[in-house]
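Coordinate inspection notes
This is what each chain is made of:
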Amino acid sequence: MITLKINNIPTLFIKAFTAADVQIILDFVRNAAASFAGPGNTVLFIDTPITAATVEAVGRLKSEGFRVAFRDHHGIAGNPSNDRERKVVTAAAKLEQLLGEDCRITIRDLHPACSTLVSVGEFANAVAIIADPDADGLTAAMKAAGVSYPGLDDDAAKLDGEPQFQVTGTPISQLLAKGIAVLPSYDPAKAKEREAAHQLLFSDWLKAVCGNETALKRLEEREILYEEAVRVSQALAQTAVAVVPGVVLVDVVDKPLYDPGTLNALLERDPDCRITVLRKSLGPIAALHGIQYSLSVSKAYQGTVDLHNLIPSYAKSDPDLGIISNVSFLLHTSEDVWKAHVLPGLKSMEMP
Ligand SMILES: [Mn+2]
C-alpha cells in the first residue's frame, strides 16, 4: 500500500478492483477522518480506474456522510467497443448518479493529464485523497493538495503518455519518469520489495519538489541506474530476431535491468515493425507459467492490427489460462499459448 501525506492530507495510491481494495479505501478514509481537524468532509478520488469496486467505495463513503469528488480522464469517447469499455461506461454512469456535479469524468484527448482537472490547492482542505499509483495520479494529487510548480501540467501529460515521451519533461519530471522505469520488475516473490521501492520513490519525488536536497540526491542515483538500463536496452535491441516479417522478438529472460520504453522505441524505429514481442521471465503470467510472451503493436499499426485475432475467440483473459489482453494492441501469453496459438497465428496473419 502506497501512502503519502501531501500538504498534510493523507493520500492513498490504489487501483480498486476487489472487495479487499474497497475495504482498504474505507479504512484509510475513516482513519484519516478520525484525526481530521479541518473544515468540510471532502474526499477526492483522482485518476483512479472507473471500476465496480471504485463505485462501491464511493457509494459507501457517501452513505457514511462524506462528500466525494471524483475527477478522472478515463471516460469512453463514443460508443463502447468492447466488454471492458462497457463496464467503464456503466460504472461512470453510476458515479454520476451518486455524485452529480461532484463527478467530473472526461477523456484523455481533452485532458491528457488529470492535474488539469484541478486547480492548485483546490482540495487543500480534503480529509483524504485517493489517487492512481502512477505519475499522473501523484502529480494530480499533489496539485489538488496545493503542491505544484511551473510546468507540472505539461510534465504530467508527458509522464502519462507514450513511454518514449515520459522522460522528456522538465528535469524534475525526468527524475520521476526514470525512477519509475527502474522500479523492480513485477515479481510476486518480491511484491513487497517493489512496493517499498515505489513508496520511497513517490515520497522522494514529493520531497524533492518541495526542495529537499537529500531526496533529490536519491533521485539522481536512480537516474544513473536508468542510464545503465538504457544501455542494456540498446544492447538488447541488437539481439532482435524476426519471427515473421514485421514481427520482432527480443529474449530478455535473465538479462540485467533494462528500460522497456527505450527498447520498444528502438524496435519500432524500423518502419516495417508491426508487432514487438518480449520473451520474459518476469510478469504476472511468468509468475504462474515460468515464461511470458508480451506482444505489443507499433503505434502506427494499432488501428489495423488486432492481437485478439491470435487467440481463440473462446479464450478468456485470465492469467491462470496463460492469457492477459484488455486492449487489442497488447497481449501477454504463456509459452504454451504462444506455441499453440500465437506463433501459428502470426505465421498466417495478413500484415497490413
Ligand atoms: Mn492518468
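Residues numbered from 1 in each chain as written. Predicted model: local features only at pLDDT ≥ 70, side-chain atom pairs only at ≥ 80, totals over all residues.

**Section: helix 7 (residues 171–181)**
Spelled out, the test is: Partly exposed residues are those falling between the two cut-offs: more than 12 but fewer than 20 other C-beta atoms within 10 Å of their own, whereas 20 or more means buried and 12 or fewer means exposed, with C-beta atoms placed from the backbone. Where helices and strands are cited, they refer to DSSP runs of H or I of at least four residues and of E of at least two residues respectively, numbered from the N terminus. Distance between backbone-placed C-beta atoms decides contact: two residues are in contact if it is within 7 Å.
Where burial is concerned, most of helix 7 is hidden: eight out of the 11 residues are buried. Along helix 7, the residues that are buried comprise Ser173, Leu175, Leu176, Ala177, Lys178, Gly179, Ile180 and Ala181. At its buried positions, helix 7 is contacted by helix 4 (135–145), helix 5 (152–159), helix 6 (163–166), helix 8 (191–209), helix 9 (213–237) and helix 10 (260–268).

**Some details on the sheet that holds strand 1 (residues 2–6)**
To keep things clear, this is the line we draw: When DSSP finds two or more bridges between a pair of strands, those strands are recorded as paired. Under this scheme, a helix contributes an axis fitted over its contacting stretch, all axes are lines through C-alpha atoms, and angles between N-to-C directions fall in the 0 to 180 degree range.
Strand order across the open sheet formed by six strands is 1-2-6-3-4-5, with mixed pairing between neighbours. Edge positions in the sheet fall to strand 1 and strand 5 (103–105), since each has one partner strand and no second. In this sheet, neighbouring strand axes are inclined to one another by 15° on average, regardless of whether the strands run parallel or antiparallel. Relative to strand 6 (residues 128–131), strand 2 (residues 9–13) runs parallel, the two being bridged by three bridges. Counted as the bridge partner of threonine 11 is isoleucine 129 from strand 6.

**A look at unusual backbone geometry**
Non-glycine residue asparagine 7 carries a positive phi angle of around 50°. Along the chain, asparagine 7 falls in the loop between strand 1 and strand 2. Judged by local crowding, asparagine 7 falls into the partly exposed class, with 19 C-beta atoms found within 10 Å.

**A look at the nonpolar core**
The line we're drawing: As used throughout, a nonpolar core is a set of buried Ala, Val, Leu, Ile, Met, Phe, Trp, Tyr and Cys residues joined through C-beta atoms within 7 Å of each other. Where each domain begins and ends is defined by an automated method or by a domain database.
Counting residues in each nonpolar core, the largest one holds 98 residues, and the members touching the most others are Val43, Ala128, Ile129, Ala140 and Ala141. Ranked by the residues each element gives to this core, the list is headed by helix 4, at seven residues. Split by domain, the residues of this core number at least three in each of domain 1 (2–161) and domain 2 (236–348). Non-local contacts of isoleucine 129, meaning those with residues more than four positions away in its chain, are made with Ile6, Ile9, Thr11, Leu44, Ile46, Phe123, Ala141, Ala144 and Ala145.

**Structural notes on the sheet that holds strand 11 (residues 323–324)**
The sheet built from six strands is open, its strands ordered 7-8-9-10-12-11 with mixed pairing. At either margin of the open sheet sits one strand with a lone partner, and together these are strand 7 (241–244) and strand 11. The strands touched by helix 12 (residues 335–348) are strand 7, strand 8 (247–251), strand 10 (292–297), strand 11 and strand 12 (330–334); relative to strand 12, the strand with the most contacts, the crossing angle is about 130°.

**Thoughts on the domain arrangement of the protein**
Domain parsing of the protein yields domain 1 (2–161) and domain 2 (236–348). Taking only C-alpha atoms, the centre of domain 1 and the centre of domain 2 are 32 Å apart.

**Focus: the pairing of strand 3 (residues 42–46)**
To keep it simple, the criterion reads: Here, the term right-handed applies to a crossover whose path from the first strand over the helix to the second runs clockwise when the strands point away from the viewer.
Counting buried residues in strand 3 gives four out of five residues, a clear majority hidden from the surface. Sheet topology note: the strand 3/strand 4 (residues 67–72) ladder contains five bridges and is parallel. In the sheet register, threonine 42 faces strand 4, and the bridge partner there is arginine 67. In this fold, the crossover linking strand 3 to strand 4 by way of helix 2 (residues 52–63) has right-handed handedness. Judged from the four bridges that link them, strand 3 and strand 6 form a sheet pairing that is parallel. Considered in strand 6, the bridge of isoleucine 46 is made with alanine 131.

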